[in-house]
Amino acid sequence: MRRSRLRHLALSGLLVLGTLGAVGALPASAADAPTASPSAEQPASAGLLDAMQRDFGLTRAEAADRLAAERDATGLEPVARRAAGTAFGGSWFDAEAGELTVAVTSDAAPETLRAVRATGAQVRTVEHSARQLDAAKARVDRLDAPVGVSGWHVDQRAGAVVVDVVEGKRADNDVQSFVKRAREAGPVTVRSVPSAPQTFAAGTVGGDPYYTGNVRCSIGFSVYGGFVTAGHCGRAGAGVSGWDRSYIGTFQGSSFPDNDYAWVSVGSGWWTVPVVLGWGTVSDQLVRGSNVAPVGASICRSGSTTHWHCGTVLAHNETVNYSDGSVVHQLTKTSVCAEGGDSGGSFISGDQAQGVTSGGWGNCSSGGETWFQPVNEILNRYGLTLHTA
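As annotated in an unreviewed UniProt entry, the protein chain carries the name S1 family peptidase and comes from Streptomyces lienomycini. What UniProt records for the protein chain under Sequence similarities (unreviewed entry) is the sentence "Belongs to the peptidase S1 family."

Visitor: Quick question: what am I supposed to make of the packing of aromatic side chains here?
Guide: How two aromatic rings sit relative to each other is set out by the distance from centre to centre and by the angle between their planes. Scanning all chains against the criterion turns up four aromatic pairs. Taking the centre distance of 5.5 Å and the plane angle of 55° together, the rings of Y210 and F227 count as tilted. Of the two residues, Y210 sits in strand β10 (residues 210-212) while F227 sits in strand β13 (residues 226-229), which places them 17 residues apart along the sequence. With relative accessibility at 0%, the residue F227 sits in the buried group. Positioned above the aromatic ring of F56 is the side chain of R66, whose terminal nitrogen or guanidinium carbon lies 4.6 Å from the ring centre. Across the ring face of Y211, the terminal group of R245 is positioned such that the distance to the ring centre comes to 3.4 Å.

Visitor: It is not clear to me how the state of the cysteines should be interpreted in this structure. Could you clarify?
Guide: Simply put, the disulfide is a covalent bond whose two ends are the sulfur atoms of two cysteines. According to the stated counting rule, one finds three disulfides in the structure shown. Paired by a disulfide, C217 and C233 hold their sulfur atoms 2.0 Å apart. With the S-S bond torsion at -90°, the cross-link from C217 to C233 turns out left-handed. With C217 in strand β11 (residues 215-217) and C233 in the loop between β13 and β14 (239-242), the pair connects residues that are 16 residues apart, well separated along the chain. As far as the burial class goes, C217 and C233 line up, both buried.

Visitor: Sorry if this is basic, but what is going on with the nonpolar core here?
Guide: Across soluble globular proteins, you tend to see nonpolar side chains buried next to one another. F221, V228, V287, W308 and L384 are the most contacted members of the largest nonpolar core, which totals 26 residues. Listed by contribution, the elements that provide at least two residues to this core are α2 (46-56), α3 (60-84), β16 (261-265), β20 (307-321), β23 (352-363) and α7 (375-382). The residues contacting V228, other than those within four sequence positions of it, are I219, G220, F221, V223, A262, W263, G344, V356, V375, I378 and L384. One finds L133, F178, V188 and V190 within the second-largest nonpolar core, a separate group that totals 17 residues.

Visitor: I tried to follow the packing of α2 against α3 on my own but got confused; where do I start?
Guide: Any two packed helices are characterised by the angle at which their axes cross and by the distance between the axes. With their axes 9 Å apart at the nearest point, α2 and α3 run at an angle of 105° to one another. As summarised for this structure, α2 and α3 are arranged roughly perpendicular, according to the angle between their axes. Contact residues: A46, L48, L49, D50, M52, Q53 and F56 in α2; R60, A63, A64, R66 and L67 in α3. When the residues that make up the contact of α2 with α3 are grouped by side-chain class, the tally is eight nonpolar, one polar and three charged.

Visitor: Which parts of the structure should I look at to understand the packing of α3 against helix α4 (residues 110-118)?
Guide: Their axes nearest at 8 Å, the elements α3 and α4 cross at an angle of 170°. Taken as axis vectors, α3 and α4 run roughly antiparallel relative to one another. Of the residues in α4, those in contact with A80, A83 and A84 of α3 are T112, A115 and V116. Looking at side-chain class alone, the contact of α3 with α4 contains five nonpolar, one polar and no charged residues.

Rules of the game
- Residues numbered from 1 in each chain as written.
- Predicted model: local features only at pLDDT ≥ 70, side-chain atom pairs only at ≥ 80, totals over all residues.
- Heavy atoms only, no water.
- UniProt positions renumbered as here; feature names shortened; annotations may be inferred.
- Phe/Tyr/Trp six-rings, centres within 6.5 Å; stacked < 30°, edge-to-face > 60°.
- Helix = DSSP H or I, 4+ residues; strand = E, 2+ residues; numbered from the N terminus.
- Buried < 20%, exposed > 50% of the residue type's maximum accessible area, 1.4 Å probe, protein only.
- Lys NZ or Arg CZ within 6 Å of the ring centre and 35° of its normal.
- Disulfide = S-S within 2.5 Å.
- Core = buried A, V, L, I, M, F, W, Y, C linked by side-chain atoms within 4.5 Å.
- Contact = heavy atoms within 4.5 Å.
- Axes fitted to C-alpha atoms, helices over the stretch in contact; angles between N-to-C directions.
- Parallel < 35°, antiparallel > 145°, perpendicular 65-115°, else oblique.
- Nonpolar A, V, L, I, M, F, W, Y, C, P; charged D, E, K, R; others polar.

Encoded structure:
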């Protein structure tokens, strides 16, 4: 970007502020590996505390306490998961209690329960292990979903695979058939949702972060050599121009559907920095790593249309059936709103990068839900290194 526009510089490789974390029931893998440790010494910015107060109705002290508790839970989760071993049934952050809860199967040995409690996590016994729930979801993933089914994910707290059906579509023959086959795959519960999700790309609008042809999207996180964003915003080889219509670089890799991620090389006078734009709502935020925050934690998102908004992590590893028939796997669901043009923008938890905006339903006037593709999966897929402070 132009050196005279440092604010937009952040867009050329920065992320957009948000706090996310989704620990989910997945076993540890390379895609879950963090790029840096959380920095407990870093105090929350005034802007972030302001956003937490606005979006969660908290006092300033309550917002600071919640962020500190979420940071502790994020660091505790992998330790407690290892202690649970094969009896691990999932984990989530309890915002009211300010504690991490770890599910352990009812047949776990007494010493396993003691080991998990010794980590400081709260323990809940459940019927199914995370591995069993993941296997059930994988079987559902092999089914063809009709338009009336908006997605499905493992809900560790419910101990089941939750299938979301658009309101008014539950009686459809195709939906009923899908639900019947899904129940045969394992423990499944059905929930009604207000609307089908859609991606958040938008037509050309002046003064936006970046364009691919006449499509506008939002830059996600800076990586060395470029930035990551949503795959539905452009195909490999497509040229990218910035907010001022100057040439940024080229899509080097892109995947959509099945996944929704991409990365863009940066050159021609543009460069990357480890920052997420606060859009004047909060101060711009430094990115220090990509540790995954637990389900139940607060999370914020920054995008070129609706700027800065916060919410809660609702689910991890959700399969989403977008209204155009595109199915995307391994997304994280949040209660954060978004609108057209926000696609590709950043979700962040504290100073930890979480993912890039994929799509959702609703808007930032009446509310809605939004999904993002986890950033660690993108980094591992393309062999990229997150640019951190």
